[in-house]
Amino acid sequence: MSPAAGLQAPLLPSSKMEKRPSVSGAVFNVATSIIGAGIMSIPATFKVLGVIPAFVLIVIIACLTDISVDILMRYTHAGETSTYAGVMRESFGRAGSVAVQLCVMITNLGCLIIFLIIIARRISSFGCVTRMVRLSLVEYASLRSAIRYGVCDASISLVQACGSAISVLLAVIFVAICSVMAIYAVWEGKSKTPKLLPQLDNHVSFFDLFTAVPVIVTAFTFHFNVHPIGFEFDKPSDMITAVRISLALCAAIYFSVGLFGYLLFGESIMSDILINFDQSSGSAISSLLNDLVRLSYALHLMLVFPMLNFSLRANIDELLFSQKPLLAKDTKRFLSITLVLLVFSYTAAITIPDIWYFFQFLGSTSAVCLAFIFPGVIVLRDVHGISTTRDRIIATVMIVLAVVTSTIAISTNIYSSIRNKS
């Protein structure tokens, strides 16, 4: 995969590519970029919001994501760049490109830390070694995968497409097992009754509902991989088609796991639903299904990890070593950056106890900027003169919604933290 947000054109001419990618292959790559650790906290948003508002919010954010990707691709093809940071540089100069790179770094590093937390918990359920050794093994596997991705050419290889397909399949298996368990619980009369609408009381205020928004925003943020995937196509419309199919698939997966997870565990659902699956009911079949759920998603995250790690490393290299040769041609620099990132992720994963607040932080800051605020200001700046009145209205609404919801979520979290301490 190519750098997700650099200033140099990272892609080789089509004449050097042996085979143009298919829309189906791009769907798997985009879906893999979208589905990550976010699916673990989606059920908890159903507990906060209720089924109907959660479903509506997933649909709204998926639609806004489609709009923002379309904006990025239109302004990319109208200019002379092939990267997200390049689009922002054309609109806002060096400050714009640096802003994108910093947000990509924060978002991806945060997601990688969450990945390691979840993977470590899942493997720990099977016992054998200490958590630190397990994390080291995961990071070693990630390093090997990252090296493989880094030395390939700029086109998205068939190997990566196959890996993405397997990753998506594992996510679907995870949802399928959850669905079967929930349907069986309903049949046996053991399911929990989900609330359709939020219930406001002394423990939950209206403003607390906004804390669920950043979680879903983070779950749909994949904009750092739009350009390396999209520029593999001859026709921009193929990428838009792939994105829309991927968003529909991911929205269906998110809603399914949210609904069936809520049916299974009700109000006892945790911010990481896999923690609920760690609690065995004593049945051999139930224990086996729990093990399959945990293992399938741990494997899924291991396959997603290298893709985000590549984008993170590429942006750091572009920001710090923009005058150096391409990263794929400098093994020493490549390995040094990778090792530093993995060690930092490793250390942070050990110290962070709860992924819910980490998701809220990312979704309220860097992720919301990448997904909605930056595409919106690109339209309003309109350096290429291609935006319509409709575009400007949509961009304004998108920016206002993003800023207001993020501000309320951050303020609510700060207030709750102060209140708990007092």
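About the thresholds
Residues numbered from 1 in each chain as written. Predicted model: local features only at pLDDT ≥ 70, side-chain atom pairs only at ≥ 80, totals over all residues. Heavy atoms only, no water. Salt bridge = Lys/Arg side-chain N within 4 Å of Asp/Glu carboxyl O. Helix = DSSP H or I, 4+ residues; strand = E, 2+ residues; numbered from the N terminus. Buried < 20%, exposed > 50% of the residue type's maximum accessible area, 1.4 Å probe, protein only. Polar contact = N/O pair within 3.5 Å; in protein donor to acceptor, adjacent residues only side chain to side chain. Contact = heavy atoms within 4.5 Å. Axes fitted to C-alpha atoms, helices over the stretch in contact; angles between N-to-C directions. Parallel < 35°, antiparallel > 145°, perpendicular 65-115°, else oblique. Left-handed = near helix turned anticlockwise from the far one by under 90°. Core = buried A, V, L, I, M, F, W, Y, C linked by side-chain atoms within 4.5 Å. Bend = angle between axes of the 7 residues up to and from the residue. Phe/Tyr/Trp six-rings, centres within 6.5 Å; stacked < 30°, edge-to-face > 60°. pLDDT = per-residue confidence, 0-100. Nonpolar A, V, L, I, M, F, W, Y, C, P; charged D, E, K, R; others polar. Patch = residues over 30% accessible without salt bridge, like charges linked within 9 Å, V, L, I, M, F, W, Y side chains within 5 Å. Areas by Shrake-Rupley, 256 points an atom, 1.4 Å probe, with all protein chains shown as cover.

### Structural notes on the pattern of salt bridges
Phase 1 of the analysis: Tallied over the entire structure, the rule returns four salt bridges.
Phase 2 of the analysis: Ionic pairing is found between Asp-66 and Arg-244, a salt bridge with its closest N-O pair at 3.1 Å. Residue Asp-66 is located in helix α3 (residues 51-78), and its partner Arg-244 is located in helix α10 (residues 236-265); the two are separated by 178 residues in the primary sequence.
Phase 3 of the analysis: Judged by its relative accessible area of 46%, Arg-244 is partly exposed.
Phase 4 of the analysis: In this structure, the salt-bridge partner of Asp-317 is Arg-333, at a minimum N-O distance of 2.5 Å. Of the two residues, Asp-317 is situated in helix α12 (residues 284-320) and Arg-333 in helix α13 (residues 331-351); the sequence distance between them amounts to 16 residues. For the pair formed by Asp-317 and Arg-333, the shared burial category is buried.

### Focus on the side chain of Ser-387
Phase 1 of the analysis: On the secondary structure map, Ser-387 appears in the loop between α15 (366-381) and α16 (389-421).
Phase 2 of the analysis: Judged by its relative accessible area of 10%, Ser-387 falls in the buried class.
Phase 3 of the analysis: Of the polar contacts made by the side chain of Ser-387, one reaches the side chain of Arg-392; its length is 3.1 Å.
Phase 4 of the analysis: Among residues more than four places away in sequence, those in contact with Ser-387 are Tyr-75, Val-379, Asp-382 and Arg-392.

### Re the packing of helix α1 (residues 23-34) against α10
Phase 1 of the analysis: Where α1 contacts α10, the axes come no closer than 8 Å and their chain directions differ by 50°. One finds that α1 runs oblique with respect to α10. Taken as a pair, α1 and α10 cross one another with a handedness that is right-handed. Within the contact between the two elements, α1 uses Val-23, Ala-26, Val-27, Val-30, Ala-31 and Ile-34 and α10 uses Asp-238, Met-239, Thr-241, Ala-242, Ile-245, Ser-246, Leu-247, Leu-249, Cys-250 and Tyr-254.

### Let's talk about the nonpolar core
Phase 1 of the analysis: Within the largest apolar cluster, 115 residues are counted, with the highest numbers of intra-cluster contacts made by Phe-174, Phe-220 and Tyr-254.
Phase 2 of the analysis: The greatest single-element share of this core, amounting to 15 residues, is contributed by α10.
Phase 3 of the analysis: Apart from the residues within four sequence positions on either side, Phe-174 is in contact with Ile-39, Met-40, Val-257, Ile-273, Leu-274, Val-293, Ser-296 and Tyr-297.

### Quick notes on α15
The periodicity of an α-helix, 3.6 residues per turn, causes residues three or four places apart in sequence to face the same way.
Phase 1 of the analysis: The largest bend along α15 reaches roughly 40° and is located at Ile-373, with the proline Pro-375 sitting one to four residues downstream.
Phase 2 of the analysis: In terms of residue burial, α15 counts as a mostly covered element, since 13 of its 16 residues are buried.
Phase 3 of the analysis: Positive backbone phi, approximately 50°, marks Asp-382, located one or two places after α15.

### Some details on the packing of aromatic side chains
Phase 1 of the analysis: For the structure shown, the criterion picks out five aromatic pairs.
Phase 2 of the analysis: For the ring pair Phe-55 and Phe-255, a centre distance of 4.9 Å and an interplane angle of 65° mean the geometry is edge-to-face. Of this pair, Phe-55 sits in helix α3 while Phe-255 sits in helix α10, placing them 200 residues apart in sequence.
Phase 3 of the analysis: Taking the centre distance of 5.7 Å and the plane angle of 70° together, the rings of Phe-206 and Phe-207 count as edge-to-face.
Phase 4 of the analysis: Each member of the aromatic cluster is reached from another via a ring pair, and the members are Phe-46, Phe-55 and Phe-255.

### Quick look at the confidence of the model for the chain
Phase 1 of the analysis: Scored by pLDDT, the chain has a mean of 77; 79% of the residues are at 70 or more.
Phase 2 of the analysis: Within the chain, α15 carries the highest mean pLDDT (94), whereas helix α6 (residues 131-151) carries the lowest (45).

### With respect to the environment of Arg-294
Phase 1 of the analysis: Within the secondary structure layout, Arg-294 lies in helix α12.
Phase 2 of the analysis: Residues Arg-294 and Leu-274, 20 residues apart in the sequence, show an inter-C-alpha distance of 6.4 Å.

### Comments concerning the side chain of Thr-405
Phase 1 of the analysis: Here Thr-405 lies in helix α16.
Phase 2 of the analysis: With residues near it in sequence (within four places) discarded, Thr-405 still touches Phe-210 and Val-213.

### Side note on unusual backbone geometry
Phase 1 of the analysis: With phi around 50°, Asp-382 is a residue other than glycine that occupies positive phi space.
Phase 2 of the analysis: When you line up the elements, Asp-382 lands in the loop between α15 and α16.

### Here we look at the packing of helix α14 (residues 355-364) against α15
A pair of packed helices is captured by two measures, namely the crossing angle of their axes and the spacing between those axes.
Phase 1 of the analysis: With their axes 3 Å apart at the nearest point, α14 and α15 run at an angle of 40° to one another. By the criterion of interaxial angle, the relationship of α14 to α15 is oblique. Taking contact as the criterion, the partners of Leu-362, Gly-363 and Ser-364 in α14 are, on α15, Ser-366, Ala-367 and Val-368.
Phase 2 of the analysis: Its residues assigned to classes, the contact of α14 with α15 comprises three nonpolar, three polar and no charged.

### Describing the environment of Phe-310
Phase 1 of the analysis: Tracing the chain through its elements places Phe-310 in helix α12.
Phase 2 of the analysis: In this structure, the C-alpha to C-alpha distance between Phe-310 and Asn-225, residues 85 residues apart in sequence, is 10.0 Å.

### Quick notes on a nonpolar patch on the surface
Phase 1 of the analysis: A cluster of nonpolar side chains, namely Ile-52, Phe-55, Val-56, Val-59, Ile-60, Leu-196 and Leu-197, defines an oily patch on the protein surface of about 590 Å² accessible area.
Phase 2 of the analysis: Structurally, Ile-60 is set in helix α3.
Phase 3 of the analysis: Ile-60 sits in the partly exposed class, given a relative accessible area of 42%.

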